[in-house]
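Overview (structure and organization)
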Amino acid sequence: MRCLLLIPVAWVLTGCSVDFQGWGGMKQQPKALPYRESAFFADERAMRQPPVGTVPRDRRGKDRFLLTGKDAPDGGYVDSIPLTVTRELVESGGRSFDIYCATCHGVLGDGVSQVAKNMGLREPPSLVDMPPYPDGYYYDVITQGFGLMPAYAEKLTPEQRWAVVAYVRALQESQRARLEDVPPEARPQLEKGGPP
Ligand code: HEC
């Protein structure tokens, strides 16, 4: 008797695909799959464009300068970083830079890297002697990419991108700094040739 009772249990466990009422319908329901056609929409595409003016939820309430690096009225690049530049911000920018930029532009930003040596078509330039670009320009290059360089908007949040800009500024400054720019108490260390 017990053996007989086990039969329906085993039958369910082995995944017999008899269509109980409603189950088949759940497995095979009409749905839109990426890149498939759809009879529902007039243009027969399953993938839809968001309506004009749609703002992604994660951008709600955020400053437009912060998101685009551009000034509202004339569309020019913003001149300064729209976040408070603290030591933490620069250091976090340094961590992102080492992960995402140093591979091509070098850890010092001077364009010296193995990838640069192997990139035959156009080498990643040195970032420490660039023309006098505004901060927003760097942000825009990171966000949109530039020529052969990929965009980093997928990898870095707007705040992280600005942090990278702050770090690039620090790298540039480090190449131009004079002894007088260093706090007096740190100068003797530098004169000895060691890190402060
Ligand atoms: C895969 C290699 C690669 C990576 C990674 C990379 N870049 Fe670039 N970058 C390039 C190349 C190559 C160019 C020159 C592109 C061209 O001229 O087509 C460039 C150009 C630039 C420029 C100069 C734009 C100009 O007007 O001359 C800036 C600024 C820059 N990169 C910043 C960054 C920053 C910041 C990161 C990290 C978020 C980064 N890059 C990551 C390869 C890279």
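Residues numbered from 1 in each chain as written. Predicted model: local features only at pLDDT ≥ 70, side-chain atom pairs only at ≥ 80, totals over all residues. Heavy atoms only, no water.

Per an unreviewed UniProt entry, the chain is named Cytochrome c, and its organism is Archangium lansingense.

1. Re the coordination of the iron atom of the ligand
Taken together, His105 (NE2) and Met149 (SD) make up the full set of protein donors to the iron atom of the ligand, lying 2.0 to 2.2 Å away. Classification of the site at the iron atom of the ligand as octahedral follows from its 6 donor atoms and the range of 84 to 177° in their angles at the metal. Placement of histidine 105 in helix H5 (residues 102–105) and of methionine 149 in the loop between helix H7 (135–144) and helix H8 (158–176) is noted, with a sequence separation of 44 residues between them. (Donors = N, O, S within 2.8 Å, 3.2 Å for Na, K, Ca; no water. Tetrahedral: all angles 85-135°; square planar, octahedral: opposite > 155°, others 65-115°. Helix = DSSP H or I, 4+ residues; strand = E, 2+ residues; numbered from the N terminus.)

2. Things to note about the nonpolar core
Ranked by size, the top nonpolar core spans 22 residues in total, and within it Phe97, Ile142, Trp162, Val164, Val165 and Val168 carry the most contacts. Ranked by residue count, the leading element in this core is H8, at 8 residues. Ignoring any residue separated from it by four or fewer positions in sequence, one finds phenylalanine 97 in contact with Ala102, Gly106, Val107, Gly109, Leu127, Val164, Tyr167, Val168 and Leu171. (Core = buried A, V, L, I, M, F, W, Y, C linked by side-chain atoms within 4.5 Å. Buried < 20%, exposed > 50% of the residue type's maximum accessible area, 1.4 Å probe, protein only. Contact = heavy atoms within 4.5 Å.)

3. Structural notes on the packing of H7 against H8
The N-to-C vectors of H7 and H8 enclose an angle of 125°; their axes lie 9 Å apart at closest approach. Between H7 and H8, the angle is such that the two are oblique. Considering only the axes of H7 and H8, their crossing is right-handed. In contact with Asp135, Gly136, Tyr138, Tyr139, Ile142 and Thr143 of H7, H8 contributes Pro158, Arg161, Trp162, Val164, Val165, Val168, Arg169 and Gln172. Considered class by class, the residues forming the contact of H7 with H8 number 8 nonpolar, 3 polar and 3 charged. (Axes fitted to C-alpha atoms, helices over the stretch in contact; angles between N-to-C directions. Parallel < 35°, antiparallel > 145°, perpendicular 65-115°, else oblique. Left-handed = near helix turned anticlockwise from the far one by under 90°. Nonpolar A, V, L, I, M, F, W, Y, C, P; charged D, E, K, R; others polar.)

4. Side note on the side chain of serine 113
Here serine 113 lies in the loop between H5 and helix H6 (114–118). Overall, the relative accessible area of 11% leaves serine 113 in the buried class.

5. Overview of the site of the ligand
Lining the immediate surroundings of the ligand are 22 residues, of which Cys101, Cys104, His105, Tyr137 and Met149 lie closest. Note that an oxygen atom of the ligand is positioned 3.1 Å from one of the side-chain N or O atoms of tyrosine 133. The pocket occupied by the ligand, as judged from atoms lying within 2 Å of grid points, is the largest pocket. With 4 residues, H7 is the single largest residue contributor to the shell around the ligand. By residue class, the composition of the shell around the ligand is 18 nonpolar, 3 polar and 1 charged. (Near = heavy atom within 4 Å. Polar contact = N/O pair within 3.5 Å; in protein donor to acceptor, adjacent residues only side chain to side chain. 1 Å grid on protein atoms, 1.4 Å probe; cavity = no way out; pocket = protein on both sides within 12 Å on 5 of 7 lines; lining within 4 Å. Sits in = over half its atoms within 2 Å of the grid points.)

6. What to know about H8
The terminal C-alpha atoms of H8, which comprises 19 residues, lie 28 Å apart, in line with the 27 Å expected from a rise of 1.5 Å per residue. Considering only its buried residues, H8 is in contact with helix H3 (64–68), helix H4 (87–100) and H7. (Expected span 1.5 Å × (residues − 1).)

7. Considerations on unusual backbone geometry
Only a minority of non-glycine residues have a phi that is not negative, and only a minority of peptide bonds are not trans. Residues other than glycine seldom take positive phi values, yet tyrosine 35 does so here, at roughly 65°. Structurally, the position occupied by tyrosine 35 is in the loop between helix H2 (23–27) and H3. One non-glycine residue, glutamate 44, lies in positive phi territory at about 60°. Position of glutamate 44 relative to the elements: it lies in the loop between H2 and H3.

8. Section: the pattern of salt bridges
By the definition in use, this model includes 6 salt bridges. As a salt-bridge pair, glutamate 91 and arginine 87 come within 3.0 Å of each other at their nearest N and O atoms. Pair noted here: glutamate 91 and arginine 87 are both in helix H4, with a separation of 4 residues, about one helical turn. The partly exposed category is assigned to glutamate 91, whose relative accessible area is 38%. The shortest N-O distance in the salt bridge between glutamate 180 and arginine 178 comes to 3.8 Å. (Salt bridge = Lys/Arg side-chain N within 4 Å of Asp/Glu carboxyl O.)

9. Here's the deal with the packing of aromatic side chains
Here the structure, examined in full by the defined rule, presents 8 aromatic pairs. Ring geometry for tyrosine 133 against tyrosine 137: centres 4.1 Å apart, planes inclined by 35°, an arrangement best described as tilted. Look at tyrosine 139 and tryptophan 162: their rings are 4.2 Å apart centre to centre, the planes differ by 10°, and that puts the pair in the stacked class. One end of the pair, tyrosine 139, is in helix H7; the other, tryptophan 162, is in helix H8, and 23 residues separate them in sequence. In this pair, the class of tyrosine 139 matches that of tryptophan 162, namely buried. Pairwise contacts between aromatic rings join Tyr77, Tyr133, Tyr137 and Tyr138 into one cluster. In this structure, arginine 48 packs its charged tip against the face of phenylalanine 41, placed 3.8 Å from the ring centre. (Phe/Tyr/Trp six-rings, centres within 6.5 Å; stacked < 30°, edge-to-face > 60°. Lys NZ or Arg CZ within 6 Å of the ring centre and 35° of its normal.)

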